[in-house]
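So you can see what is in the structure, the chains are spelled out below.
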Amino acid sequence: MRALYIGRFQPYHLGHQAVLEKIAGEVEEIVIVIGSAQDSHTPENPFTGGERMEMIYESLSECHLRDRCYVAPLQDIQRNSIWVSHLQSMVPRFDMVYSNNPLVVRLFSEAGVPVRKPPMFQRELYSGTAIRRLMREHKDWEGLVPDAVAAFIKEWGGVERLISVAKSDGA
Ligand code: NAD
């Protein structure tokens, strides 16, 4: 069996990793799709599709899942009604989807693809929104992401980028 797991991964954090480890206990292979791959340099989506791919590959090595995962970037489209077909045409085949995102669950269910909802892992702590807020406020965030992700974000100046794109122009 091969499962699909989609996220924006802004950034990839330990909640995502816990879900992947759970999925890996239930299926042989996982297709990880990097959604909104076209977005970067905004307060909600600071990292590029390529940067998120690096974060995920390195983290998969740390938890010994790299050999069982495909990672594919996917751009958003304007039409939700055909999004599942768009996705299916761009990524390796899969038998089921794991997601808790209500829109994602709805669109795959309507398309007849089986959906499983994984348990949430300390969502108040492990959330992209909360982690980006900690970064902007110069508070501790490194412990909420895999070591490799923290190292990449520092190397890329990711916190400085996030702070600068979140600034208003003063108008
Ligand atoms: P995300 O990175 O916020 O979350 C990814 C998954 O991880 C979700 O299922 C979420 O519930 C889960 N998760 C997050 N924190 C968790 C935790 N602590 N414990 C357990 N699970 C946790 O990404 P997302 O916003 O759900 O990504 C959906 C993507 O699909 C987006 O890029 C969106 O644009 C895309 N999409 C696009 C279209 C379109 O183009 N028309 C339509 C639907 C969805």
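Residues numbered from 1 in each chain as written. Predicted model: local features only at pLDDT ≥ 70, side-chain atom pairs only at ≥ 80, totals over all residues. Heavy atoms only, no water.

**So, the packing of aromatic side chains**
- All told, the structure shown has five aromatic pairs when counted by the stated rule.
- Between the aromatic rings of Phe94 and Phe108, the centroid separation amounts to 6.1 Å while the plane-to-plane angle is 85°, which identifies the pairing as edge-to-face. On the criterion of sequence distance, the pair formed by Phe94 in the loop between helix H3 (83-90) and strand S4 (96-98) and Phe108 in helix H4 (residues 102-110) is long-range, its members being 14 residues apart.
- Here the aromatic residues Tyr5, Phe9 and Tyr12 are joined through ring pairs into a cluster of three or more. (Phe/Tyr/Trp six-rings, centres within 6.5 Å; stacked < 30°, edge-to-face > 60°. Helix = DSSP H or I, 4+ residues; strand = E, 2+ residues; numbered from the N terminus.)

**Notes on the environment of Arg66**
- Structurally, the position occupied by Arg66 is in the loop between helix H2 (49-62) and strand S3 (69-73).
- For the pair formed by Arg66 and Glu51, sequence separation is 15 residues and the distance between their alpha carbons is 17 Å.
- Other than its neighbours up to four places away in sequence, Arg66 contacts Tyr57, Glu58, Leu60 and Ser61.
- A polar side-chain atom of Arg66 sits 3.1 Å from a polar atom in the side chain of Ser61. (Contact = heavy atoms within 4.5 Å. Polar contact = N/O pair within 3.5 Å; in protein donor to acceptor, adjacent residues only side chain to side chain.)

**Structural notes on the site of the ligand**
- In the neighbourhood of the ligand, 26 residues make up the surrounding shell, with Tyr5, Ser36, Ile77, Asn80 and Phe121 lying closest.
- Between the ligand and Tyr5, the relevant distance is 2.6 Å, taken from an oxygen atom to a side-chain nitrogen or oxygen of the residue.
- Side-chain polar atom of Asp76 to an oxygen atom of the ligand: 2.9 Å apart, as the coordinates give it.
- Counting atoms within 2 Å of the grid points, the majority share of the ligand lands in the largest pocket. (Near = heavy atom within 4 Å. 1 Å grid on protein atoms, 1.4 Å probe; cavity = no way out; pocket = protein on both sides within 12 Å on 5 of 7 lines; lining within 4 Å. Sits in = over half its atoms within 2 Å of the grid points.)

**Details of H3**
- Where H3 is concerned, the buried positions are Trp83, Val84, His86 and Leu87. For H3, the angular spread of buried residues about the axis comes to 160°, placing them on one side.
- In this structure, the buried side of H3 is in contact with strand S1 (2-7) and H4. (Buried < 20%, exposed > 50% of the residue type's maximum accessible area, 1.4 Å probe, protein only. Arc of directions from axis to C-beta.)

**Some points on a negative patch on the surface**
- A cluster of acidic side chains, namely Glu54, Glu58, Glu62, Asp147 and Glu155, defines a negative patch on the protein surface.
- Looking at the negative patch, the elements that each hand over two or more residues are H2 and helix H6 (147-155).
- Considering each element in turn, the negative patch owes the most residues, three residues, to H2.
- Residue position: Glu54 is located in helix H2. (Patch = residues over 30% accessible without salt bridge, like charges linked within 9 Å, V, L, I, M, F, W, Y side chains within 5 Å. Areas by Shrake-Rupley, 256 points an atom, 1.4 Å probe, with all protein chains shown as cover. Salt bridge = Lys/Arg side-chain N within 4 Å of Asp/Glu carboxyl O. Lys, Arg positive; Asp, Glu negative; His and termini not counted. Charge placed at Lys NZ, Arg CZ, Asp CG, Glu CD.)

**A few points about unusual backbone geometry**
- Across the junction of Gln10 and Pro11, the peptide omega takes the value -5°, indicating a cis bond.
- With respect to the helices and strands, Pro11 occurs in the loop between S1 and helix H1 (14-24).
- Phi at His64 takes a positive value of approximately 60°, unusual for a residue other than glycine.
- Position of His64 among the secondary structure elements: in the loop between H2 and S3.
- Take His64: its relative accessible area is 72%, and that puts it in the exposed class.

**A look at the side chain of Ser99**
- Position of Ser99 among the secondary structure elements: in the loop between S4 and H4.
- A polar contact is formed between the side chain of Ser99 and the backbone nitrogen of Asn101, at a distance of 3.0 Å.
- Discounting chain neighbours no more than four positions away, the residues touching Ser99 are Val104, Val105, Val115, Arg116, Lys117 and Pro118.

These figures capture arrangement, not role.
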